[in-house]
Structure formats: C-alpha cells, structure tokens
Amino acid sequence: MHSDAILEVRHLSKSFGSHQVLRDIDFTVRPGDVTSIIGASGSGKSTLLRCVNLLEAPSSGQVIFHGQDMTAPGVKATQYRSKVGMVFQSFNLFHNMTVLENCVVGQVKVLKRPKAQARENALKYLDQVGMGPYIHAKPRQISGGQKQRVAIARALAMEPEVLLFDEPTSALDPEMVGEVLSVMHTLAQQGMTMLVVTHEMAFARDVSSHVVFMADGVICEQGDPQQVLANPTQQRTRDFLARFMAR
Amino acid sequence: MQRFLDLLQDIARLWQNYWPGYLNGIRSTLILAVVATLIGCIIGFACGVLNTIPYTKQDRPVKRFFLKLIRVVVRVYVEVFRGTPMVLQAVFIYYGLPYFTYNAVQWPSVWAAAIVVVSINTGAYMAESVRGGILSIDPGQTEGAKAIGMTHVQTMLSVILPQAFRNILPQIGNNFIINVKDTSVMFVITFTEFFAFHRYIVGINNMYFPSATIEMVGYLTMTLVASFLLRALERRLDGSDSYELAQADPLTMTAGTYRRPDPAGGTLSQPPDPEAQDRIRQQRKHGRNRGER
C-alpha cells in the first residue's frame, strides 16, 4: 500500500436511508497534494468530505490516516479531527467569541496549549490571512470573505496535517471570492496538503495537483488537472465541463 | 376621596408598627427566589446537556442504553414537576420525608425544604427552555467545534451553552419573576416570606385591604427591579456594536482580484519581490529574460 500517504479513502460508501449518496470511493492524499473535487451539485462531493473527517459516519469502507483506520471501533474521532482541519461553506465561526478567541479556543481546549502561546500562534495565522486588524471584532461584524479567512486561520492554528475545504467560496459575494482564493493559493504554495471541494474551475486548474471528478456518488475520473480539465476521457466529464464553461 | 386618605392612614399605621416584619418577608422571598432560580438553572442546564448527548447506531449498546435511560429519566422528571402544582409538591416533599422514615429523618429546616421544592420545580421548566435554547443554535456551530477536535462537553461549555444562555435569558427572567411571586405558596409548609407575613398580620388586626396594598406594591417593586436588572444584563452580554481595528487591513485592496498564480510567489502579508515580478513580466512580454540578453 502507499506508505507515504497521509490519508487514504478505501471503498467508502454512504447511504442516507435507502438513498445511496456515495459508492465505493477510493483515493489517496499524499503530503503536499492539493486535490480538487469537482462535480455537479448533488454528486456527493460535500458528503465525501464530511465522511473524510467523520462528521458523517461512513456506511462502509475505510478512512485511513497514516496507515490507521479511523472508522474502526474505539478510535477517538476528536483527536483525528484536530489533525484534519475543515473549512465550511457557511464559515461556522463561533458567534459568542471574537475573531481572536475563535482561533485560540481549539488550541487551548483540544491541544492544551498555554493561553499565551495559543494567542501568539493565532495572531500569526490571522496575520497570514490578513485578518490581523480585526482580532477584536465579533463574527457578525465582518464580511463573508473576512469570516472565511478567519475560519481558515482557525483551522491553521491547530496546525493540521491536512486541510479540508467544503465549497469555501460558494456562499460569498463574487467580489469576496478573490480574497479567499488568494489565501488558499498561498497555502498551496507553502506546501499545505489540501482537499478542496470547489466550483472554481480556475482554482482547480491552476492550483491543484490532482483533480477528482464526481458524478452520482462515484468517482468518474481523476488525475492530473491538465488531463481531467483539458482532455477528459469520460463523456460525463466533458458534458459537465461544457455546461460549466458555457455559463 | 376620604376613603383613599383612610387607606393611606391605615397603610402608614401598619408600616409604622410592622415594617421589620414586611422587610423580613421581602428578604426571605428574594433569597428563596434567587437561590432557587440559580439552582433551577443549573438543574435545567444539566438536564439539557444530558438530553442532547448524541448517539449513533455505531455506538456500543451499553452507551446507547445508558443515554436512552437518561433521556427517559429527565423526561419523567420534567413531566411530573411541570404537571403538578408547586403548592402540592411542597406538601408532598415536606411531609413525605418524615412519613416514609417514620419521623426518623426530618427536614433540617423549612428553608431547606422550600429551596429544594422551588429549585426542582424551576429546574423542570428550565430543562425544556435549555433544550429549546440548544436546539435553536445553528448545527454549524457544533460542526465547527467538532471539526477542530472538541468533545461533546467542550463543545457544549465553550460554544453552544454560552449562546443558548443568551437566547434563553428572557426565559430565565420569566422564571425568576414567577418564582418571586409563586414562593408565596410556601406558606403551606410554614415558610414565612412576604405573603406569609401578610397572612399573619391580618390574622391579628383584620386590616386585609391596607396590608394587601402594601403586598401589591412590594411584589411589583421586586419584579420591576428584576426586569430592569435582567435587561441590563442582556445588553451587557450583547457587547458593544463597535470594535477597534488593531492595524490596517492589507487585503481589502485585493477584493475581487483573484489572478492566476504568480510564479514570483510571496505571501499575502508580504507582497512578492517587485524585482522578481518585473523579471517575469518582461519574460512574458519579450519571451525571454532581459537580464540574459
């Protein structure tokens, strides 16, 4: 097997009742990979990402983190989740805390870091995403793009090995998409391992090292972004891309 | 008109003779209401948290059984204490303990019994308020907390309950005000609060109406002050509408200008080296690097 892989998804399936959302999903994430998951709405992209960090329990199959099966009974999901960051479409910042507290609380409660160190660390990552000036603001007082940058800093402050993005720009006004993508692009350049569900084809093409195209709960095609996006081998991929580019 | 003057005269006389009794009653009422509301809130929050511990089919049967049992117990507690009059609960608990122990165990004081009765009664109401408060919080908040590795208890204490608390603060205020008034039924177990003193005094001098007027004004004053303080607390919890900028925002200018990746690199807070950028621009323009000419 791939001994160098951080994350391996093996034969993963997920059903909600009788409705099967994911079927036999298989892929591998290696250190430094930026994997974009694309596909039509309802194809199971977000569910897949939520299964990867176990926010949804997979119906069958395995999620293997550094060779260890995280779906096995008795495995502490909380510890695993602290090493796999997640950025949500709807930000999910804690409304009862300031921007700074949002980035500190996880480090103190989960990683048991001293408060001063956690604060310093949070400031470092908030500066990196350009949110240093807003540390005293509450989430309701900042814009969508700013919220998403804080959410990224919150995930980064945990110093995760993999960062999952669930359509991070889909809830944003068009003029705010740029600031979030810039941050993600910089992260990719710094070698962060990322798994990104996205509708931003330009991002998938330019930034990712690997593209996964999903349709109806299965991986239809995956590989190099140039190959999948420019010369797709599957008819469904071609149809999807044609519809997407026509917009 | 004459009657009103008479009333004022009677009230003045009552107050002059018995004001320590009335004030003592107010003190007992307030202490009982405050302590019982606080304990009731703690009971309510505990029930609310226990009631919302999630379990899935993958969990061990023992854990699932235990969590289901907790929910049943809480449900029974809520239904029983919400569904019976507090005045009866007081009698039931106060006389029940000595009855079942053949007078071997007595309540240490009527205070203890009164606090227990009002607390568990408030707790039953609060349990449902807290459950509603927790359900009213966007599930995204829980997911955000889980995604950084927080446990259920950590999520509850740091993220969900502070927000739920703010949302149900008006309910807590309601319960407190109800407790200020409804502690008056504690006279059935000989607890002497504000209303019990009224019963005592009119038994002596028959001045029902003047004493009742004092009681009305007294209760209204207590509840109005309570409302005012609760509103102030709500405003304080909401915090200021403004915030201080720690420094200028370096990214505001880039809003809406996502470009193709720039090979010159650089981080967001530190723009790429202008020389390197220039070199790349020249390269694109002339198809080669000028320096290599």
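Everything discussed here concerns the structure shown above.
We now turn to the structure provided with this report. In this text the structure is predicted, and so the values were computed from the model without any measurement.

### Regarding the pattern of salt bridges
Next, step 1: One pass over the structure, following the stated rule, counts 16 salt bridges over all chains.
Next, step 2: The closest approach of N and O atoms between A:Arg50 and B:Glu143, which form a salt bridge, is 2.7 Å. You can see A:Arg50 sitting in helix 1 (residues 45–52) and its partner B:Glu143 sitting in helix 5 (residues 139–147), one on each of two chains.
Next, step 3: Here the salt bridges share partners, and the residues they tie into one network are A:Glu8, A:Arg10 and A:Asp26.

### A look at the packing of aromatic side chains
Residues and elements named next belong to chain B.
Next, step 1: Tallying each qualifying case throughout the model produces 13 aromatic pairs over all chains.
Next, step 2: Residues Phe-45 and Phe-165 carry aromatic rings whose centres are separated by 6.2 Å and whose planes lie at 40° to one another, so their mutual orientation is tilted. Placement of the pair is Phe-45 in helix 1 (residues 2–51) and Phe-165 in helix 6 (residues 152–182), with a sequence separation of 120 residues.
Next, step 3: Judged by relative accessible area, Phe-45 falls into the buried class, the value being 15%.
Next, step 4: Clustering of aromatic rings is evident, with ring pairs tying together Trp-15, Tyr-22, Phe-194, Phe-197, Tyr-200 and Tyr-219.

### What to know about the nonpolar core
All names here are of chain A.
Next, step 1: Counting residues in each nonpolar core, the largest one holds 41 residues, and the members touching the most others are Leu-126, Ile-152, Phe-165, Met-184 and Met-194.
Next, step 2: Broken down by secondary-structure element, the contributors of at least two residues to this core are helix 3 (99–109), helix 4 (115–128), helix 5 (144–157), strand 7 (162–166), helix 6 (174–189) and strand 8 (193–197).
Next, step 3: With 8 residues, helix 6 is the single largest residue contributor to this core.
Next, step 4: If you look at the next biggest cluster of nonpolar residues, it comprises 29 residues, including Val-9, Val-29, Leu-48 and Tyr-80.

### Topic: the packing of helix 5 of chain A against helix 6 of chain A
Residues and elements named next belong to chain A.
Next, step 1: Interhelical geometry of helix 5 versus helix 6 gives an angle of 20° and a closest axis separation of 8 Å. Classed by the angle they form, the pair helix 5 and helix 6 counts as roughly parallel. The crossing of helix 5 and helix 6 is right-handed. Contacts between helix 5 and helix 6 pair Gly-144, Gly-145, Gln-146, Gln-148, Arg-149, Ile-152 and Leu-156 from the former with Met-176, Glu-179, Val-180, Val-183, Met-184 and Leu-187 from the latter.
Next, step 2: Among the residues forming the contact of helix 5 with helix 6, the class breakdown is 7 nonpolar, 4 polar and 2 charged.

Definitions and limits used
- Residues numbered from 1 in each chain as written.
- Chains lettered and ligands numbered in written order.
- Predicted model: local features only at pLDDT ≥ 70, side-chain atom pairs only at ≥ 80, totals over all residues.
- Heavy atoms only, no water.
- Salt bridge = Lys/Arg side-chain N within 4 Å of Asp/Glu carboxyl O.
- Helix = DSSP H or I, 4+ residues; strand = E, 2+ residues; numbered from the N terminus.
- Phe/Tyr/Trp six-rings, centres within 6.5 Å; stacked < 30°, edge-to-face > 60°.
- Buried < 20%, exposed > 50% of the residue type's maximum accessible area, 1.4 Å probe, protein only.
- Core = buried A, V, L, I, M, F, W, Y, C linked by side-chain atoms within 4.5 Å.
- Axes fitted to C-alpha atoms, helices over the stretch in contact; angles between N-to-C directions.
- Parallel < 35°, antiparallel > 145°, perpendicular 65-115°, else oblique.
- Left-handed = near helix turned anticlockwise from the far one by under 90°.
- Contact = heavy atoms within 4.5 Å.
- Nonpolar A, V, L, I, M, F, W, Y, C, P; charged D, E, K, R; others polar.

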